[in-house]
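Spelled out, the chains give:
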Amino acid sequence: MKTPVSVLRLPRGPDPNSRGFDPSSPRFIALCPTSISACNEPGTDAGSLQTEQHARSMMRERFLRCLLSMANKQIQFDMYERVKVNATFGASDIDVLNFQVSDLQTPIGVQSEALIRCQDVISYSFDM
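Residues numbered from 1 in each chain as written. Predicted model: local features only at pLDDT ≥ 70, side-chain atom pairs only at ≥ 80, totals over all residues. Heavy atoms only, no water.

Caption draft 1: Quick look at the overall build of the protein. Assigned secondary structure in the protein consists of three helices and five strands. When its helices and strands are written in sequence order, the protein yields α-α-α-β-β-β-β-β. Classification of the 128 residues of the protein by burial places 23% in the buried group. Contacts in the protein between residues at least 24 apart in sequence constitute 35% of all its contacts with a sequence separation of at least 6. (Helix = DSSP H or I, 4+ residues; strand = E, 2+ residues; numbered from the N terminus. Buried < 20%, exposed > 50% of the residue type's maximum accessible area, 1.4 Å probe, protein only. Contact = heavy atoms within 4.5 Å.)

Caption draft 2: View of the nonpolar core. F77, F89, F99, V101, L104 and I116 are the most contacted members of the largest nonpolar core, which totals 17 residues. Secondary-structure elements contributing two or more residues to this core are α3 (46-70), β1 (74-79), β2 (83-92), β3 (98-106), β4 (109-117) and β5 (121-126). Excluding its chain neighbours within four sequence positions, the residues that come into contact with L104 are V85, N86, A87, G109, V110, Q111, A114 and I116. (Core = buried A, V, L, I, M, F, W, Y, C linked by side-chain atoms within 4.5 Å.)

Caption draft 3: Molecular detail of the packing of aromatic side chains. Enumeration over the complete set of coordinates arrives at four aromatic pairs. With a centroid separation of 5.4 Å and 70° between ring planes, the pair formed by F89 and F99 is classed as edge-to-face. Taken together, the residues span a long stretch of sequence, with F89 in strand β2 and F99 in strand β3 at a distance of ten residues. In this structure F89 comes out as buried when scored by relative accessible area, which is 3%. For F99, a relative accessible area of 3% puts it in the buried group. Where F99 meets Y124, the ring centres are 6.0 Å apart and the plane angle is 85°; that geometry is what we call edge-to-face. With F99 in strand β3 and Y124 in strand β5, this residue pair connects regions lying 25 residues apart in the sequence. The exposure class of Y124 is partly exposed, given its relative accessible area of 23%. (Phe/Tyr/Trp six-rings, centres within 6.5 Å; stacked < 30°, edge-to-face > 60°.)

Caption draft 4: View of the environment of A71. Tracing the sequence through the fold places A71 in the loop between α3 and β1. The class of A71 is partly exposed, set by a relative accessible area of 33%.

Caption draft 5: Highlighting the pairing of β1. Here β1 pairs with β2 via six bridges, running antiparallel. If you follow Q74 over to β2, its bridge partner there is T88. In this structure, the hairpin formed by β1 and β2 is closed by a connection of three residues, where E81 is found at a positive phi of approximately 65°. With five bridges connecting them, β1 and β5 associate as antiparallel partners. (Pairing = 2+ DSSP bridges.)

Taken by themselves, the reported measurements are silent on function.
This is how it looks when you write it as structure tokens:
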């Protein structure tokens, strides 16, 4: 029998609606860098910037297609400290900072619904 696990409630963010953190805060800047490395280097031509942007857009598209194919499938997440958890993938937030999963099977029990922080995930795998 699966053992239910209690939910840990995290503190609210600084804004009144608790929708996240201030974009100018050091935490947000550290977690969500927005600059492209090629545009910060002196003497960079427009061709290398365009090549880098194209490569990034291709990788982003592949990643989003991967997220689409994961929907409602059993996923194994490899996390830090050699922890492996299994869950049914539900969705990702728009910034891909969290994964929403169902039936999260952890070493200490099962949680029916959960959010997994993407920073804690080293890799994930699933059957096509």
